[in-house]
Amino acid sequence: MGIVASAGPAAASSPRRSAALVVHNARVFTGTSSRARHEAVAVGRDGRILAVGTDAAVKRFVGRDTDVVDARGGTVMSGIHDGHAHPMDAASRSLRPSLAGAEQTVEELRKTLTGFLKDSADQEPDGWLVVEDWNPVGLLPHGTAPHHSMLDSLPTRRPIALRGGDGHNLWANQRALDIAKITATTPDPVGGKIVKGADGKPTGVLKDDAQPLVSRHIPEPDGTRLADAAAKTLAEAAASGITTFMEAVVGRDELKLYQRLAESGRLLQRIVPALRVETDLTKDPAAALAYANGLRADFEDVRGLRFGTIKVFLDGVIEYPAQTAALLEPYLDKEGKPTDHRGDLYVSAADYGRLSAAFNAAGWQMHAHAIGDRAVRTSLDGYAYALRKTGRRDLRNTTAHLQLVDPADLPRFAALGAVACMQLQWATRNVWTMDALLPYIGAGRHRRLYPARSLQKRRAALAGGSDWPVDPLQVWNQIRTAIDREGMEGEGDLNRAEEGIGRTSSLLMHTLGTARQLRSDHLTGTVERGKTADLVLLDRDVTRCPVADISSSEVRLTLVGGTVVHDAESSAGRAAAARVTRAAAGPRPTAYASVHGGRHASCGCG
């Protein structure tokens, strides 16, 4: 039995004009400029919104066969549109043991990994141990540099790879380096770096596009297990209120997985796949366009997918020790003195401009990963070139992450019609923004981190994303953190007075704002008559409750196209919500028992 219940014989409306579903006694956040109070929503049998208004006005759409839901004062609003996430990567990660972002001493880490090795002893002597969610800044004491020797001392000869939770770092033992044939003479690949020590030999840490040198040797998970894991991750997303995803790095493998989910009826959300153009292909726009067009032709008939977005990495990440984000001014050393290092810019402005122009001319939208201010400027320079060449302002080229933006570039977003897609759950005081960042960029730049309000003041179009599974999927805490810049796990706010945005702005950013980014705002993103019924019902009024309480909002009901994809009172809904809660639970663990306890079922060792 779930939330949805039939109206019963008392209702008398004609079936021809009756709604399939009516939610009443609600606080409806329409996302429009209307100031009228709306208490109810009727969903038509075609999956579109039939009516929005007062309880009395919408009651006339209740018929004998209408399902009726009492919202009990909770919010009805557009479903969350996640403009930058990696749900298929979340599925893959869920099949492996995880360090859950723990901060540990080397000895504590060895104990944790020894536990994982014991759990998979049947994989000796040659089976890979791949561990997810390693915290690249989490070796204690802070500043301890990872080295393959720390992994080589474990009681095994198996190849070991620790995948950074940030997606930009991989740490391998010597056996894994040997399998990959990485030596002191191995050159850095385009867009990546093999970290080497003072002796010139690889330390075992691979950054960005150097990671595949090792990861391509790791066996893929079984297809059936991976599809089942993906179905679970999408159910968790539905339980979080997400109705649309932009999958931010997509190739043929991810598209095949989505195809498998769609064919089995388990693709719950609308998906905009961002097809990744590899760094070495960015210099050849014609070849890149042919590649993207080929993938679209092969998969465009998959129900639930909508093509049109291209992904390019312009830089890496800014935090120590990676420091691969491209900065206009150099990084500082631990003593606060300037170095000669400005990070890594993987694509030049000229190349990105030509690439953007080629794709824009063909109707494709660009989506750039840009963390540092030099990378952000590069993306904008590229969009400016494309605009001059094509004259197209309607494609909503996007720059994602925007950890640092030079003040001179803030007004350029509006001028170019570019979208700023931000992951504002990162905008809080924690080890990432303080220990791993502040000493290396200085107080001046630190005050400008994640400049949401500054962009908004200059009329930039804001959109939101989670970057899941780089972070746990905590949609409502993400919306709250955009407002107070602290969130559930913050150690104080991060420049709230300067860069925090209002409650309504945050709600819009993660609904209509992202629908605009994804060019679907004519269909979704607001609660209006005629729009597609991609809706979420919450257990509270998030438009009025204390801001801190937004984090703990629970999703009672999620609809996509009028179809219920999450019902919190159903057995499947309860299970999905419980997995979301477990994944988001804190504080983060520091020992094997607590790391392993939460992931035991998913890593397949129980």
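The coordinates are above.
Residues numbered from 1 in each chain as written. Predicted model: local features only at pLDDT ≥ 70, side-chain atom pairs only at ≥ 80, totals over all residues. Heavy atoms only, no water.

A. Region of the structure containing the overall build of the protein chain. When you go through the protein chain residue by residue, the secondary structure sums to 20 helices and 25 strands. Here the C-alpha radius of gyration of the protein chain, 24 Å, is about what a compact globule of 606 residues would show, namely 25 Å. With respect to the principal axes defined by its C-alpha atoms, the protein chain has extents near 80 × 60 × 50 Å. Residue burial in the protein chain is summarised as follows: out of 606 residues, 57% are buried. Across the protein chain, the fraction of contacts at a sequence separation of at least 24, relative to all contacts at a separation of at least 6, is 75%. Accessible surface computed for the protein chain: about 23,600 Å², of which carbon and sulfur atoms make up 51%. Between the mean site of the 75 positive side-chain charges and the mean site of the 70 negative ones, the protein chain shows a separation of 5 Å. (Helix = DSSP H or I, 4+ residues; strand = E, 2+ residues; numbered from the N terminus. Rg over C-alpha atoms; globule rule 2.2 N^0.38 Å. Buried < 20%, exposed > 50% of the residue type's maximum accessible area, 1.4 Å probe, protein only. Contact = heavy atoms within 4.5 Å. Areas by Shrake-Rupley, 256 points an atom, 1.4 Å probe, with all protein chains shown as cover. Lys, Arg positive; Asp, Glu negative; His and termini not counted. Charge placed at Lys NZ, Arg CZ, Asp CG, Glu CD.)

B. Layout of the nonpolar core. In terms of nonpolar packing, the biggest core is built from 96 residues, with Phe359 and Phe413 touching the most fellow members. Apart from the residues lying within four places of it in its own chain, the contact partners of Phe413 are Val376, Leu380, Thr399, Leu402, Val405, Ala418, Val419, Ala420, Leu455 and Ala460. Leu113, Val131, Met150 and Val195 belong to the second-largest nonpolar core, a separate cluster that totals 18 residues. (Core = buried A, V, L, I, M, F, W, Y, C linked by side-chain atoms within 4.5 Å.)

C. Quick peek at the sheet that holds strand E23 (residues 535–538). Overall, mixed pairing links the five strands, which are arranged E3-E7-E23-E24-E25 in an open sheet. Of all the strands in the sheet, the pair left with one neighbour each is strand E3 (27–29) and strand E25 (563–567). Averaged over all adjacent pairs, the angle separating strand axes in this sheet is 20°, with direction ignored. Pairing geometry for strand E24 (residues 555–560) and E25, over four bridges, is antiparallel. From the neighbouring strand, Leu559 faces E25, where its bridge partner is Val564. (Pairing = 2+ DSSP bridges. Axes fitted to C-alpha atoms, helices over the stretch in contact; angles between N-to-C directions.)

D. Helix H3 (residues 106–119), seen in detail. The end-to-end C-alpha separation of H3 is 20 Å, in line with the 20 Å expected for 14 residues at 1.5 Å each. Those residues of H3 that fall on the buried side of the exposure criterion are Val106, Leu109, Thr112, Leu113, Gly115, Phe116 and Leu117. (Expected span 1.5 Å × (residues − 1).)

E. Representation of the pairing of strand E14 (residues 192–196). Pairing analysis gives four bridges linking E14 to strand E15 (residues 202–208), with the strands arranged antiparallel. Bridged to Gly192 within E15 is Asp208.

F. A look at the side chain of Thr244. Residue position: Thr244 is located in strand E16 (residues 242–250). A relative accessible area of 3% means that Thr244 is categorised as buried.

G. Layout of the sheet that holds strand E12 (residues 160–164). Within the open sheet, the five strands sit side by side as E10-E12-E13-E15-E14. Their pairing is mixed. Of all the strands in the sheet, just strand E10 (129–134) and E14 have a single pairing partner and so form its edges. Taking each pair of neighbouring strands and ignoring which way they run, the sheet shows an average axis angle of 20°. Across the sheet, H3 touches E10, E12 and strand E13 (169–172), and the angle it forms with E10 is around 135°.

H. The arrangement of the packing of aromatic side chains in detail. What the rule picks out here adds up to six aromatic pairs. Their ring planes at 5° and their centres at 4.6 Å tell us that Tyr320 and Tyr440 sit as a pair that is stacked. With a gap of 120 residues between them, Tyr320 in the loop between strand E18 (309–313) and helix H10 (349–361) and Tyr440 in helix H13 (residues 438–446) connect regions that are remote in the sequence. A centroid spacing of 6.3 Å and a plane angle of 55° characterise the contact between Trp426 and Tyr450, whose relative ring orientation is tilted. On the criterion of sequence distance, the pair formed by Trp426 in the loop between strand E21 (419–422) and H13 and Tyr450 in the loop between H13 and helix H14 (452–457) is long-range, its members being 24 residues apart. According to the relative accessible area criterion, Trp426 is buried, its value standing at 15%. For the cation-ring pair, Arg17 lies above Phe61, with the distance from its terminal atom to the ring centre recorded as 5.8 Å. (Phe/Tyr/Trp six-rings, centres within 6.5 Å; stacked < 30°, edge-to-face > 60°. Lys NZ or Arg CZ within 6 Å of the ring centre and 35° of its normal.)

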